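Structure at a glance
Next come the chains, spelled out residue by residue.
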Amino acid sequence: QAQLVESGGGLVQAGGSLRLSCAASGRTFSNNAMGWFRQAPGKEREFVAGISGTGIYTRYADSVKGRFTISRDNAKNTVYLQMNSLKPEDTAVYYCAAGPQAIPQITPRLYNYWGQGTQVTVSS
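Just so you know, these numbers come straight off a predicted model, no measurement behind them.

A word on the overall build of the protein chain. Counting secondary structure elements, the protein chain contains 0 helices and 11 strands. For a compact globule of 124 residues, the expected C-alpha radius of gyration is about 14 Å, and the protein chain comes in at 13 Å, within 12% of that figure. Looking at the protein chain as shown, the accessible area adds up to about 6,200 Å², and 48% of this sits on carbon and sulfur atoms. Averaging the coordinates of the 12 positive side-chain charges in the protein chain and doing the same for the 7 negative ones gives two points 5 Å apart.

Okay, structure coming up:
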C-alpha cells in the first residue's frame, strides 16, 4: 500500500522559513509528478507547487513564486517544499500528492495519492 507522509510543519513568525518533507513508501514515484497543495479553513484546496518525475520541470502558484521551492530526491523517495518569506496568508494545512501524470497538474482531482497533511501557521 503506497503511503505519503508529510512532516516539517509548525508555527513560525512572518518572514520566517520552513521546510516541508513528503516521504513516500510502498512504491516508488520517480516516474510520477508530485505536488504540494494547501487548504485553509473555509477555503478550497489549492495548488502550491509541483515537480515532474525527473525533477527538471517545476511549476508554482503565483502567490508563492520566488518564495517557495519544490525539489525531490528520488533516491530517498522524498519531495521537499522550502518555504521562505512566509506570510500570514500562507497559513493552511499542507498536503503532498502524487499522480499518474509525468507533468505536475494544478487540479487536485488528477492526483490519486495524498498524505494526511501538516499544519503550517504563520503569525503576524
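A few words now on the packing of aromatic side chains. In this description, an aromatic ring pair is defined by two values, namely the gap between the centres and the angle between the planes. Inspection of every chain in the model, using the stated rule, returns 6 aromatic pairs. Plain terms: the ring middles of F29 and Y113 are 5.2 Å apart, the flat faces sit at 75° to each other, and that makes the pair edge-to-face. Of this pair, F29 sits in the loop between β3 (18–25) and β4 (34–39) while Y113 sits in strand β10 (residues 113–114), and the two are 84 residues apart along the sequence. A residue is classified by how much of its surface remains accessible, and F29, at 1% relative accessible area, is buried. Taking relative accessible area as the criterion, Y113 reaches 27% and is therefore assigned partly exposed.

Here we come to the nonpolar core. With 28 residues, the main nonpolar core has M34, W36, L81, M83 and Y94 as its most contacted residues. The contacts of Y94, once residues within four sequence positions are left out, are E6, L20, W36, F37, R38, V48, F68, L81, M83, G117, T118 and V120.

On to the sheet that holds β3. With respect to topology, 4 strands assemble into an open sheet ordered β1-β3-β8-β7, the strand pairing being antiparallel. Taken across any chain shown, the strands that pair with only one partner, and hence form the sheet edges, are β1 (3–7) and β7 (68–73). Across the sheet, the mean angle from the axis of one strand to that of its neighbour is 15°, orientation sign disregarded. In terms of strand pairing, β7 meets strand β8 (residues 78–83) through 6 bridges, oriented antiparallel. Within the sheet, the bridge partner assigned to T69 lies in β8 and is Q82.

Take the side chain of R67 next. Assignment of secondary structure puts R67 in the loop between β6 (58–60) and β7. When its relative accessible area of 12% is taken as the criterion, R67 is described as buried. Every residue in contact with R67, bar those within four places of it in the chain, is listed here: Q82, M83, N84, S85, L86, K87 and D90.

Turning to its location among the elements, E6 is positioned in strand β1. Only 2.8 Å separates the side chain of E6 from the backbone nitrogen of C96, close enough to count as a polar contact. Here the side chain of E6 touches G117 through a polar contact of 2.9 Å, landing on its backbone nitrogen.

Reading the values: rules and limits
Residues numbered from 1 in each chain as written. Predicted model: local features only at pLDDT ≥ 70, side-chain atom pairs only at ≥ 80, totals over all residues. Heavy atoms only, no water. Helix = DSSP H or I, 4+ residues; strand = E, 2+ residues; numbered from the N terminus. Rg over C-alpha atoms; globule rule 2.2 N^0.38 Å. Areas by Shrake-Rupley, 256 points an atom, 1.4 Å probe, with all protein chains shown as cover. Lys, Arg positive; Asp, Glu negative; His and termini not counted. Charge placed at Lys NZ, Arg CZ, Asp CG, Glu CD. Phe/Tyr/Trp six-rings, centres within 6.5 Å; stacked < 30°, edge-to-face > 60°. Buried < 20%, exposed > 50% of the residue type's maximum accessible area, 1.4 Å probe, protein only. Core = buried A, V, L, I, M, F, W, Y, C linked by side-chain atoms within 4.5 Å. Contact = heavy atoms within 4.5 Å. Pairing = 2+ DSSP bridges. Axes fitted to C-alpha atoms, helices over the stretch in contact; angles between N-to-C directions. Polar contact = N/O pair within 3.5 Å; in protein donor to acceptor, adjacent residues only side chain to side chain.

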